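Coordinates in review
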Amino acid sequence: MSSLRPLLKRQITLIVILALILVWMTAAYEIYRSQQTHLREAEVRTAVQAHVFAEYSRSTLKRINEFMLNLRNEWKGDHAAFSALVQRRQENIDDLTFQVAIIDRDGFLAYSNLAKASDRTDLSQREHFRVHKEANNADRLFVSRPLMGKVSKKWSIQITRPIFSDGVFNGVLVISVSPEQFAGFAEKLRITGGSSLTVVRNSGEIMARYPALETSLGKVIKDAVFLDPSAPDFGNYRRVATVDGKERIFGYYRLPEYGMTFVLGEALSDVMAPFEAHRSMVLLGASAVSALALLLFFMLYRSLSSQEEAQRQLDSIFSLSPDGFVSFDNERRVKYISPPFCRMTGLEQADLLGLDEIEFAHRLAGLCVAPSTFPDFEVMRSEQKLRARKG
């Protein structure tokens, strides 16, 4: 029996080690799964919101373009009449705020609904004029980089179309839209925390942004995934933002027909906050299970060690006693034989350990010399009960 306890202790130790490995492997897998889930959900969420943002902006640009197509041929040089027409047309799309201007074929401001063009403001070098002047009478919509208006002194995005007279370039109709017209959509998307919403030209300039930072308007973004002409029209990427230095997960959606990309980013710290809380709970749970398993292990180990010590003391007593001792387990099989018993009978422990009562009695009976016999165990138990009743 004493030889079984070290084996049992090794088995228990191995089971505990395997259990701890299983607990921490499960915890590690759950942490990894949770991390990947939160990252993937952020990618899906930002991609969908960027798409919604792009479609909203596409709708806005289409409405402005329709307004321009209906208005550009009405300019005859009469400031008052044109202003009245502009006012009537704007009432039909009063949810959009913008200014209207006319640049004549030589690049000078001919009309502005902010104030009557009393001086000769030269806009001939502005991109949104030159792109039409040099387009060989091509008729297309153009969206400019954000500019500081010479008249309004405010940042604006110029949406332009050429004006033709008898098929010949005769000026440019300019619709000036505040960057907030696009960035304000963030309120509908409920952008909060460290999230950002950005409109970027194909050339990399920031056209609009939320949260609003005037220093960011016109700033050039470099090495963004969507700036590569071969990049897909939608997708995700992760990087430290150029504007504020925060690491974000971005979703983007491109509108090639307008040369614009709509980008929505969520701060990595916000995305991972629920994961961090979940990871702490998983680690706490794994630590608690491990601590409980180790506590039970040490209690059991200590109990087995105490039993081993008691067994060693009992073996020492039996080995010093001149009498022979044999003990049986609950199944009535031999579990212990004292050394004196082996010396008295000439039998080896290996020959007797594990024998049931009948086989053990048969072995001892074979050592008896007639007329002596070894009594049956049932007879011995009956005699012991009878003596116990007699007191």
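What counts and how
- Residues numbered from 1 in each chain as written.
- Predicted model: local features only at pLDDT ≥ 70, side-chain atom pairs only at ≥ 80, totals over all residues.
- Heavy atoms only, no water.
- Helix = DSSP H or I, 4+ residues; strand = E, 2+ residues; numbered from the N terminus.
- Buried < 20%, exposed > 50% of the residue type's maximum accessible area, 1.4 Å probe, protein only.
- Contact = heavy atoms within 4.5 Å.
- Core = buried A, V, L, I, M, F, W, Y, C linked by side-chain atoms within 4.5 Å.
- Polar contact = N/O pair within 3.5 Å; in protein donor to acceptor, adjacent residues only side chain to side chain.
- 1 Å grid on protein atoms, 1.4 Å probe; cavity = no way out; pocket = protein on both sides within 12 Å on 5 of 7 lines; lining within 4 Å.
- Points joined across faces, edges and corners; volume = space filled by probe spheres on them.
- Phe/Tyr/Trp six-rings, centres within 6.5 Å; stacked < 30°, edge-to-face > 60°.
- Salt bridge = Lys/Arg side-chain N within 4 Å of Asp/Glu carboxyl O.
- Pairing = 2+ DSSP bridges.
- Axes fitted to C-alpha atoms, helices over the stretch in contact; angles between N-to-C directions.

**With respect to the overall build of the chain**
- Secondary structure summary: the chain contains 10 helices and 12 strands in total.
- The proportion of buried residues among the 391 residues of the chain is 39%.
- Of the contacts formed within the chain by residues at least 6 apart in sequence, a portion of 50% connects residues at least 24 apart.

**Overview of the nonpolar core**
- Of all hydrophobic cores here, the largest spans 42 residues; its most connected members are Val 100, Ile 175, Phe 182 and Met 260.
- Broken down by element, the residue count for this core peaks at eight residues, all from helix 1 (residues 4-71).
- Not counting the four nearest positions on each side in its chain, Val 100 is found in contact with Phe 67, Leu 71, Phe 82, Val 86, Gln 90, Tyr 111, Ser 112, Asn 113, Leu 173, Val 174 and Ile 175.

**Examining the side chain of Arg 201**
- The residue Arg 201 is located in strand 6 (residues 196-201) in this model.
- A distance of 3.5 Å separates a polar side-chain atom of Arg 201 from the backbone oxygen of Val 143.
- Setting aside its immediate chain neighbours within four residues, Arg 201 contacts Glu 127, Phe 142, Val 143, Ser 144, Arg 145, Met 207, Leu 227 and Gly 259.

**Looking at empty space enclosed by the protein**
- In total, this model carries two cavities of 30 Å³ or more according to the counting rule given.
- The wall of the second largest cavity is formed by 16 residues, among which Thr 198, Ile 221, Ala 241, Thr 242 and Phe 250 lie closest to the centre.
- Looking at the lining of the second largest cavity, the elements with two or more residues in it are strand 6, strand 7 (206-210), strand 8 (234-240) and strand 9 (247-255).
- Broken down by element, the lining of the second largest cavity gets its largest block of residues, three residues, from strand 6.

**Quick look at the packing of aromatic side chains**
- Applying the stated criterion to the full structure yields 15 aromatic pairs.
- Note on Tyr 56 and Phe 185: the rings are 4.2 Å apart at their centroids and 15° apart in plane angle, and the pair reads as stacked. Of this pair, Tyr 56 sits in helix 1 while Phe 185 sits in helix 5 (residues 185-189), placing them 129 residues apart in sequence.
- With a relative accessible area of 21%, Tyr 56 lands in the partly exposed category.
- Relative to Tyr 237, the ring of Phe 226 has its centre 6.0 Å away and its plane inclined at 55°; by these criteria the two rings are tilted. With Phe 226 in the loop between strand 7 and strand 8 and Tyr 237 in strand 8, the pair connects residues that are 11 residues apart, well separated along the chain. Tyr 237 carries the same exposure label as Phe 226, and that label is buried.

**Re the pattern of salt bridges**
- Inspection of the entire model under this criterion finds 14 salt bridges.
- Salt-bridge contacts for Arg 45 lead to Glu 266; the nearest nitrogen and oxygen are separated by 2.7 Å. With Arg 45 in helix 1 and Glu 266 in strand 10 (residues 260-267), the pair connects residues that are 221 residues apart, well separated along the chain.
- According to the relative accessible area criterion, Arg 45 is partly exposed, its value standing at 34%.
- Look at Glu 266 and you get buried, because its relative accessible area is 10%.
- Put simply, Glu 257 and Arg 58 hold a salt bridge, and the shortest N to O gap is 2.4 Å. Of this pair, Glu 257 sits in the loop between strand 9 and strand 10 while Arg 58 sits in helix 1; the two residues are 199 residues apart in sequence, bridging distant segments of the chain.

**Points about the sheet that holds strand 5 (residues 168-177)**
- As summarised here, the arrangement of the five strands in space is 2-1-5-4-3, forming an open sheet in which the pairing is antiparallel. What marks the edges here is a single partner per strand, and that holds for strand 2 (109-112) and strand 3 (142-148). This sheet shows a mean twist of 30° between the axes of neighbouring strands, independent of strand direction.
- As defined by bridge partners, strand 4 (residues 155-165) adjoins strand 5 across nine bridges and the pair is classed as antiparallel.

**Observations regarding the pairing of strand 2**
- Of the strand pairs in this sheet, strand 1 (residues 98-104) and strand 2 are connected by three bridges, and their pairing is antiparallel. Its bridge partner being in strand 2, Ile 103 is matched across the sheet by Leu 109.
- Count of turn residues in the strand 1/strand 2 antiparallel hairpin: four residues, of which Gly 107 carries a positive phi of about 95°.

**What about the sheet that holds strand 7?**
- Read from one edge of the open sheet, five strands run 7-6-10-9-8, paired in antiparallel fashion. Two strands close off the open sheet at either side, each with one partner strand: strand 7 and strand 8. Here the average twist between neighbouring strands, direction ignored, is 20°.

That is the geometry; function is a separate question.
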